[in-house]
Amino acid sequence: MTYVEGSTERVRPQQFHEAAGVADWRVVGEGACAYFRTGSFEAGARFVRALGEIPGVGDESPDVDVRQKGVTVRLITVTDDYYGLTERHVELARQISAVARTLDIPADPSAVQTVQVTVDALAGPDVVAFWRALLGYQDRAGSGEDLMDPRRRGAPFYFQQMDAPRPQRNRVHVDVWVPYDQAEARIAAALAAGGRLVNDADAPSNWVLADPEGNEACVGVAGPPAPTADLR
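About the criteria used
Residues numbered from 1 in each chain as written. Predicted model: local features only at pLDDT ≥ 70, side-chain atom pairs only at ≥ 80, totals over all residues. Heavy atoms only, no water. Buried < 20%, exposed > 50% of the residue type's maximum accessible area, 1.4 Å probe, protein only. Helix = DSSP H or I, 4+ residues; strand = E, 2+ residues; numbered from the N terminus. Arc of directions from axis to C-beta. Contact = heavy atoms within 4.5 Å. Core = buried A, V, L, I, M, F, W, Y, C linked by side-chain atoms within 4.5 Å. Pairing = 2+ DSSP bridges. Axes fitted to C-alpha atoms, helices over the stretch in contact; angles between N-to-C directions.

Here we look at helix H2 (residues 41-51)
Those residues of H2 not exposed but buried are Ala 43, Gly 44, Phe 47, Ala 50 and Leu 51. Seen along its axis, H2 keeps its buried residues to an arc of 120°; they face one direction. Turned more than 90 degrees off the buried face of H2, the exposed positions are Glu 42 and Arg 49. As for H2, its buried residues are in contact with strand E3 (31-36), strand E4 (63-66), strand E5 (71-75) and helix H3 (87-102).

Structure (structure tokens):
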């Protein structure tokens, strides 16, 4: 396997999903992710060691999370002016999947997700400054409304600018980014567990749900490949 130098052109989630050879991967809120069911920590360690031998893999600094039963790999470019995917991530995703197949490690695309905390703010900069200091986070790609953990472990925070107070609704909610082919099942499970659908005007990319006491959460999907299934 050879790593493709260059090819830093940015790609959108839909372009990533429509590329050949990336069936193991799903783009969620924080980049392209894959979960590989290794079955043991030892097998996971061997898998990660093999990933380290892919030429040039360190240039993209993939996030790798090794757990007892599996390994999660995330591909994302984090710079001062860009937070997203490039063509090199497409090729690297193919190579990582090839390593997994060589080691007979199956992928489970349904097992990835991203959780983000969203805060409604009237005085945006002041509110962001507080949370930046409290969490030890930093601005994401120069954004004045997104904070990220510099260690890339904690949930990101997004600050939604409000024009007027919303005392009748919660000011903080959770965004759950799921694989495009898991949204229908996740929403159905939440509704069956006592939730209700608040708004599906932005479906099939975003749905607003609420728990039995009215606390809201959003289910988000990043770039499903065309044609898009109607999940409403």
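That was the structure; now back to the text.
A short note on the nonpolar core
Phe 16, Trp 25, Phe 36, Phe 47, Val 73, Leu 75 and Ile 96 are the most contacted members of the largest nonpolar core, which has 25 residues in total. Broken down by secondary-structure element, the contributors of at least two residues to this core are E3, H2, E5 and H3. Ranked by residue count, the leading element in this core is H3, at six residues. Residues within four places of Phe 47 in sequence aside, it is in contact with Phe 36, Thr 38, Val 71, Ile 96, Val 99, Ala 100, Leu 103 and Ile 105.

Observations regarding the sheet that holds strand E2 (residues 26-28)
The four strands are arranged E2-E3-E5-E4 in an open sheet whose pairing can be described as antiparallel. At either margin of the open sheet sits one strand with a lone partner, and together these are E2 and E4. Within the sheet, the average angular offset between the axes of one strand and its neighbour, ignoring direction, is 25°. Summarising the sheet, E3 and E5 pair through five bridges and their orientation is antiparallel.

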